[in-house]
Amino acid sequence: MAKAFGIVSFAGNHVQVEGMQEYRPVGAFSFLGRYRVIDFPISNMSNSGIDHIQVYIRRKPQSLTAHVGSGRHYNINSKSGSIRILYSDLGMNLSIYNNDIAAYIENMEYIEKERSPYVVIAPSYMIYTADYNKLLQAHIDSEADITLLYHSVDNAKESFINCNTLNLNRQKGVLSIESNHGNAKNKNIFMDTYVMKKELFIDLIYKAKKTSSAFTFADIVSASCEDLDIRGISHRGYFAAIPDFKSYYDANLSLIDFKAAQALFDPDWPIYTRTNDSCPTQYFESADVKSSVVSNGCLIEGSIENSVVGRGCIIKKGAVIKNSVVLPGALIGEDVHIENQVIDKNAKVTHAKELISDPEKPGYVRRYDVL
């Protein structure tokens, strides 16, 4: 039995991905053509030997529930392991009261039943790889009450807006958790990843509920910095957060770069996902593809440059796609020019011959829409 069970928490109210989030939670977003965002935290847990995982959902649960399913595709031990999908009060939508604390209270019986002495909590809207077993051991060796994972960045003025940051002392002790308002370029971005004993986790949940109905788990941890020994551990490697639409667009395109992709994908640390039995992508004589990630099952007759194309897309003859993210099942018609766009799942762009946006404000075509 692993020393810890895992919790994949849902995105808080500070995460607002305009358009796409209307149809599904961030964890269910298609990423880099063939993955979903939630595949990364679950794969990290599976690779770390954590085989009891709770996945929390608070709104639009259908697509995420269907993708996670029984969890078999995440290489979870089929005899002793399990992935349990737990729901918050879905009728409350994005209310300040429908937060992670409310979800934990509502599902407390499942938390209390876990026999592992520690818990590892990871977010469903961040993309990174980390060995939680090493993180857990570092936490135990330090004898800290709580260990938090963070990533130091030098672009916090324009990126990671509204994400939480850690205010650290020289000994990596956490003084407070604060929101990033873009007022400084160098910040320690909190990766919403916690390690602590299960008993302390439960105590903090009840303390937060007693303090304020609007308190999140980050709020109660920040409020406990003076009373508890809370340490920060720095993360190395690729890291992306998706608190808004532009960050989703940027994270996808950033991994077209081979070096960036190498920093995230390691043959010894696989990222598991639900697969389908589709044929390889067919490239016709008129196809011209450069510096792009194209998934299987596509029919490509047009031109693609610096773009991500999901499974089962059809790109007709004469179509041009540049600097765009095309989600699975989309159809781009003949002679259509797409540039700096996110084309959502199963959308069809056939009549509008030109969709070009500013790269700083990429455009969006809605799911199942016909243009």
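Conventions used here
Residues numbered from 1 in each chain as written. Predicted model: local features only at pLDDT ≥ 70, side-chain atom pairs only at ≥ 80, totals over all residues. Heavy atoms only, no water. Pairing = 2+ DSSP bridges. Helix = DSSP H or I, 4+ residues; strand = E, 2+ residues; numbered from the N terminus. Salt bridge = Lys/Arg side-chain N within 4 Å of Asp/Glu carboxyl O. Buried < 20%, exposed > 50% of the residue type's maximum accessible area, 1.4 Å probe, protein only.

### Considering the sheet that holds strand 17 (residues 299–300)
Right, on to step 1. With parallel pairing, five strands are arranged side by side in an open sheet as 14-17-20-23-26. Looking at strand neighbours, the two that pair on one side only are strand 14 (282–283) and strand 26 (348–349), the edges of this open sheet.
Right, on to step 2. With two bridges connecting them, strand 14 and strand 17 associate as parallel partners. From the neighbouring strand, Tyr283 faces strand 17, where its bridge partner is Ile300.

### Thoughts on the sheet that holds strand 22 (residues 325–326)
Right, on to step 1. In spatial order, the strands read 16-19-22-25-28; together these five strands make up an open sheet with parallel pairing. The open sheet is flanked by strand 16 (293–294) and strand 28 (363–365), the only strands paired with a single partner.

### Observations concerning the pattern of salt bridges
Right, on to step 1. Overall, the coordinates contain six salt bridges when judged by the stated rule.
Right, on to step 2. The salt bridge involving Lys113 is made with Glu109; its shortest N-O contact spans 4.0 Å. Of this pair, Lys113 and Glu109 both sit in helix 4 (residues 108–113), separated by four residues, roughly a single helical turn.
Right, on to step 3. On the accessibility criterion, Glu109 (44% relative accessible area) is partly exposed.
Right, on to step 4. Between Arg366 and Asp369 there is a salt bridge whose closest N-O contact spans 3.3 Å.
Right, on to step 5. One network of salt bridges, with partners in common, ties together Lys246, Asp250 and Glu360.

Limitation: the analysis is restricted to geometry and does not speak to function.
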